[in-house]
Every structure is written in structure tokens, then in C-alpha cells.
Amino acid sequence: MNASHTPGPWHVNELNVAQEVDPYYIFIEPGVAVIERKVEGKDQHDIADARLIAAAPDLLNALTGLLMSQPG
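Residues numbered from 1 in each chain as written. Predicted model: local features only at pLDDT ≥ 70, side-chain atom pairs only at ≥ 80, totals over all residues. Heavy atoms only, no water.

K.L.:
Help me understand the pattern of salt bridges, please; the structure alone is not making it clear to me.
P.N.:
Where charged atoms from two side chains of opposite charge come close, those side chains can pair. This structure, assessed with the given rule, holds 1 salt bridge. The shortest N-O distance in the salt bridge between Arg37 and Glu14 comes to 2.6 Å. Of this pair, Arg37 sits in the loop between strand 3 (33–36) and helix 1 (44–54) while Glu14 sits in the loop between strand 1 (11–13) and strand 2 (25–29), and the two are 23 residues apart along the sequence. Assigned by exposure class, Arg37 and Glu14 land together as buried. (Salt bridge = Lys/Arg side-chain N within 4 Å of Asp/Glu carboxyl O. Helix = DSSP H or I, 4+ residues; strand = E, 2+ residues; numbered from the N terminus. Buried < 20%, exposed > 50% of the residue type's maximum accessible area, 1.4 Å probe, protein only.)

K.L.:
Sorry if this is basic, but what is going on with the sheet that holds strand 2 here?
P.N.:
Across a sheet, strands are paired by hydrogen bonds formed along the backbone, either parallel or antiparallel in direction. Read from one edge to the other, the open sheet built from 3 strands follows the order 1-2-3, with strand pairing classed as antiparallel. Of all the strands in the sheet, the pair left with one neighbour each is strand 1 and strand 3. In this sheet, neighbouring strand axes are inclined to one another by 25° on average, regardless of whether the strands run parallel or antiparallel. Across 3 bridges, strand 1 lies against strand 2 in antiparallel orientation. Each bridged residue has a counterpart across the sheet, and for Val12 the counterpart in strand 2 is Ile28. (Pairing = 2+ DSSP bridges. Axes fitted to C-alpha atoms, helices over the stretch in contact; angles between N-to-C directions.)

K.L.:
What am I meant to see in a nonpolar patch on the surface here?
P.N.:
Taken together, the side chains of Tyr24, Tyr25, Val32 and Val34 make up a nonpolar region of the molecular surface, amounting to roughly 370 Å² of accessible area. For Tyr25, the location among the structural elements is in strand 2. A relative accessible area of 35% means that Tyr25 is categorised as partly exposed. (Patch = residues over 30% accessible without salt bridge, like charges linked within 9 Å, V, L, I, M, F, W, Y side chains within 5 Å. Areas by Shrake-Rupley, 256 points an atom, 1.4 Å probe, with all protein chains shown as cover.)

Below, the structure is given as C-alpha cells:
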């Protein structure tokens, strides 16, 4: 398998450069992906989506390990 993604760990960050909660964007670092919030303020689905995206490297590693442990 050829890894063509930014390896983790990734972290969800709601703070902007002024270190204040950004009402419009959620940042996923390193590599910095940005999720635009649907509405101003903390929408639980937006932050849940960000956390799921941030978990992608760990999910990939777990899946790869599972596939490698399968016989034949």
C-alpha cells in the first residue's frame, strides 16, 4: 500500500491565530485542513465531522493492521 496522505497524528483546533474560538472555521492540524462551520457558533455536527477527519490516520492504521493479520 502506498501512503499518499499526511500522516497523523492530527488534532482538531477551534482557535484562530488570536487564540480565540473561531466562529466560522475549525482547523485540523498538522497540514491544516479547514472546515467551514455551517452557522456561526459551535455546531455539534461540524466539530464531530472535524474529529472524524482528524481520526482518519488512526483509522487507516487500524484497518491496515486488521487486513495484515488476516490469513491468506
